[in-house]
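For reference, the chains in residue letters:
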Amino acid sequence: MRGYHAEMSTKSIREPERDLPVRGEYDVVVLGGGPAGIAAAAAAGMLGRKTLLIERYGFLGGMGTAAGVTNFCGLHANVHGEIRRVVHGVADELLARIDRLGGLNAPHVTFGKIAAQAYDTAAYKCAADDLLLGHGVDLLFHALGAGVIMEPDDTIRALILETKSGRMAVLGRMFIDCSGDGDLAAWSGAPFELGDGRGSMLYPTMMFRVNGVDPAAAGEAWLTVPRLMDEAETRGMRFPRKKPVVRPQKNPIEWRVNVTQMKKPDGSALNGADVDELTAGEIEGRRQAMEFFEFLKREAPGFGNSYIVDTPPQLGIRETRRVSGHYQLTREDVLSCASFPDTIGVNGWPIEAHVAGDVKLEWPDIPGSRGFNHLPYRMLLPQKVRNLLVAGRCASMTHEGQSAARVSGGCFVMGQAAGSAAHLALSGNSALAEIPVEALQGLLEKNGVYLGRDVN
Ligand SMILES: Cc1cc2nc3c(=O)[nH]c(=O)nc-3n(C[C@H](O)[C@H](O)[C@H](O)COP(=O)(O)OP(=O)(O)OC[C@H]3O[C@@H](n4cnc5c(N)ncnc54)[C@H](O)[C@@H]3O)c2cc1C
């Protein structure tokens, strides 16, 4: 890959010890404002907890906005042949706000089996601000989590932040890691896995959006473009991967394109937790976006007068660290529509493995099965750290299990459960691992969450 530098410096320099200003003390501190962090902070805030959400960018949405994903998957399941919305709760509140701002598409059927729902990033950002402020959550933007202070060894006392106003600390009673990369869990000593255990992970993608499309001429371009790519390959053209997603946004002259793929010189996936690889990936991602766009403009009907209106603030990262918690959600759990007594909500998205040059999907039996698995509370509980929960794409799942439950729907579910569980642990003065699960389930159902216990 162009711009890839693997050299490592062997030198180090000692930073002098210093006292840090304490910015505040909170019941619940959430690191990361993606779908998991939004739901976690909203849940803790609505339950009356003094809650802080810390985000390195100046807006919420995580990969959904920062990486230009612009499409919700995992809100629906194919339940015995009928596509049904199965993720509710905080997700309902967020989607209603996006819709009021005019930024939400109607759900569309995808893969002929399930629904997804596109949105505009500007509306998502404003809707998420409004949702969290409405639940009394304090927001701290432009703050990068950088480390922890443990006291004693198994308890996080403070999260250290780097900001334009300097380095500072935030004290908390409960912490929720929604960083996507398991940053907080890793700093605090919770065991984790990286990728597939063979040096690779789900491949990253640089999304981009195209404006000025003629929607009538483009037609069902999500079907035509893959065919055009196959034809072009017979002429010797090569593409980063198969199975492109080329779909319209709310305004049908604007389309999102999900087709690039970032790999290292040895062909394995670029590591989104490595700053040099990230740097190389941003450059290569934009290059691939421009190259693919030239093909689209030249060959796809309706795209002749279009232009790239946006490459997002960052490369899209699907998987880095996954915490090894009290239970790891597996591929078999997804494909067999597993039930768990400690269900906190459901995942209806299939296995979606971004492998070298392709995307491999594996589904539960449709329509024979109920089309969703339960997500157990134990997948939010890391080992070794008492006052930490982990929600979102870095929660406790195997590499394959994560390829399904990492999408937005599952992250909303995990986030809302984590915020609610932190509240219950504080109320009962109990360890997170010891809260009464029935109380958590009752609270989640009261606040709109579907636990998936009525269908087999
Ligand atoms: C290219 C691509 C396409 C995808 N397509 C879809 C799709 O169509 N539909 C769908 O539902 N899902 C899709 N996904 C998956 C989905 O977007 C993510 O898995 C989901 O956003 C994960 O949510 P999360 O809250 O766990 O983490 P993230 O969305 O990654 O959010 C983590 C947040 O934490 C912040 N953060 C991280 N570290 C720190 C730190 N140290 N300090 C402060 N802030 C920090 C980040 O800035 C970010 O805002 C796609 C993902 C990619 C990459």
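Preceding this section is the structure that the text describes.
Residues numbered from 1 in each chain as written. Predicted model: local features only at pLDDT ≥ 70, side-chain atom pairs only at ≥ 80, totals over all residues. Heavy atoms only, no water.

S.K.: Which residues make up the overall build of the protein, and what values go with them?
M.R.: The helix and strand inventory of the protein stands at twelve helices and 22 strands. In terms of overall size, the protein behaves like a compact globule, its C-alpha atoms giving a radius of gyration of 21 Å where 456 residues would be expected to give roughly 23 Å. Oriented by its inertia axes, the alpha-carbon framework of the protein measures out at about 65 × 60 × 40 Å. Expressed as a percentage of the 456 residues in the protein, the buried residues total 59%. Long-range pairs, those at least 24 residues apart, make up 74% of the contacts in the protein with a sequence separation of at least 6. Taken as a whole, the protein presents about 18,200 Å² of accessible surface, with 51% of it coming from carbon and sulfur. (Helix = DSSP H or I, 4+ residues; strand = E, 2+ residues; numbered from the N terminus. Rg over C-alpha atoms; globule rule 2.2 N^0.38 Å. Buried < 20%, exposed > 50% of the residue type's maximum accessible area, 1.4 Å probe, protein only. Contact = heavy atoms within 4.5 Å. Areas by Shrake-Rupley, 256 points an atom, 1.4 Å probe, with all protein chains shown as cover.)

S.K.: For the packing of aromatic side chains, give the residues involved together with the corresponding values.
M.R.: In this description, an aromatic ring pair is defined by two values, namely the gap between the centres and the angle between the planes. Per the counting criterion, the structure on display carries 14 aromatic pairs. These aromatic residues form a ring-pair network of at least three members: Phe72, Tyr119, Tyr124 and Phe412. For arginine 247, the ring lying beneath its charged end belongs to tryptophan 222, and the centroid distance is 4.3 Å. (Phe/Tyr/Trp six-rings, centres within 6.5 Å; stacked < 30°, edge-to-face > 60°. Lys NZ or Arg CZ within 6 Å of the ring centre and 35° of its normal.)

S.K.: Quick one: what's the story with the site of the ligand, residue by residue and with numbers?
M.R.: Around the ligand sit 35 residues in total, of which Glu55, Asn71, Cys73, Arg406 and Ser408 are the nearest. One nitrogen or oxygen atom from the side chain of serine 408 is found 2.7 Å from an oxygen atom belonging to the ligand. In isolation the ligand exposes 990 Å². Once the protein is present, 97% of that is buried. Of all the elements in the fold, those that place two or more residues in the shell around the ligand are helix 1 (35–46), strand 3 (71–72), strand 9 (143–150), helix 5 (183–187) and helix 11 (408–428). Broken down by element, the shell around the ligand gets its largest block of residues, three residues, from strand 9. Partitioning the shell around the ligand into residue classes produces 16 nonpolar, 13 polar and six charged. (Near = heavy atom within 4 Å. Polar contact = N/O pair within 3.5 Å; in protein donor to acceptor, adjacent residues only side chain to side chain. Nonpolar A, V, L, I, M, F, W, Y, C, P; charged D, E, K, R; others polar.)

S.K.: I'd like a rundown of the sheet that holds strand 13 (residues 208–211), residues and numbers included.
M.R.: In spatial order, the strands read 14-15-13-16; together these four strands make up an open sheet with antiparallel pairing. Edge positions in the sheet fall to strand 14 (245–248) and strand 16 (307–310), since each of these pairs with one other strand and no more. If you compare each strand with its neighbour and ignore which way they point, the axes differ by 35 degrees on average. Here strand 13 pairs with strand 16 via three bridges, running antiparallel. (Pairing = 2+ DSSP bridges. Axes fitted to C-alpha atoms, helices over the stretch in contact; angles between N-to-C directions.)

S.K.: Can you tell me about helix 4 (residues 121–134), naming the residues and giving the values?
M.R.: The end-to-end C-alpha separation of helix 4 is 20 Å, in line with the 20 Å expected for 14 residues at 1.5 Å each. Looking only at helix 4, the buried set comprises Thr121, Ala123, Tyr124, Ala127, Ala128, Leu131 and Leu132. Seen from one end, helix 4 has its buried residues packed into an arc of 150 degrees, which puts them on one side. Of the exposed residues in helix 4, the ones pointing more than 90 degrees away from its buried face are Ala122, Leu133 and Gly134. At the exit of helix 4 stands glycine 136, carrying a positive phi of roughly 75 degrees. (Expected span 1.5 Å × (residues − 1). Arc of directions from axis to C-beta.)

S.K.: Let's hear about the pairing of strand 9: which residues, and what values?
M.R.: Sheet topology places strand 9 next to strand 10 (residues 156–163); seven bridges connect them, and they run antiparallel. Each bridged residue has a counterpart across the sheet, and for methionine 150 the counterpart in strand 10 is isoleucine 156. Where strand 9 folds back on strand 10, the antiparallel hairpin that results is connected by five residues.

S.K.: Any details on the nonpolar core? Residues and values, ideally.
M.R.: Tyr377 and Leu380 are the most contacted members of the largest nonpolar core, which totals 75 residues. Looking at this core, the element that brings in the most residues is helix 11, giving eleven residues. Excluding anything up to four places from it in sequence, leucine 380 contacts Ile344, Leu388, Leu389, Val390, Ala391, Met414, Ala417 and Ala418. (Core = buried A, V, L, I, M, F, W, Y, C linked by side-chain atoms within 4.5 Å.)

S.K.: Give a detailed account of the side chain of arginine 97, specifying residues and quantitative values.
M.R.: By the secondary structure assignment, arginine 97 is in helix 3 (residues 90–100). Among residues more than four places away in sequence, those in contact with arginine 97 are Ala127, Asp130 and Leu131.

S.K.: An account of the packing of helix 1 against helix 11 is requested, with residue identities and associated values reported.
M.R.: If you want to describe how two helices pack, look at the angle between their axes and the distance between the axes. The geometry of helix 1 relative to helix 11 is characterised by a closest axis approach of 7 Å and an angle of 30 degrees between their N-to-C directions. When the axis of helix 1 is compared with that of helix 11, the two are roughly parallel. Viewed along their axes, helix 1 and helix 11 form a crossing whose handedness is right-handed. Every residue of helix 11 that contacts helix 1 at Pro35, Ala36, Ala39, Ala40, Ala43 and Ala44 is listed here: Ser408, Cys411, Phe412, Gly415, Gln416, Gly419 and Ser420. Here the contact of helix 1 with helix 11 is composed, by residue class, of eight nonpolar, five polar and no charged. (Parallel < 35°, antiparallel > 145°, perpendicular 65-115°, else oblique. Left-handed = near helix turned anticlockwise from the far one by under 90°.)

Take it as geometry only, folks, not as evidence of what the structure does.
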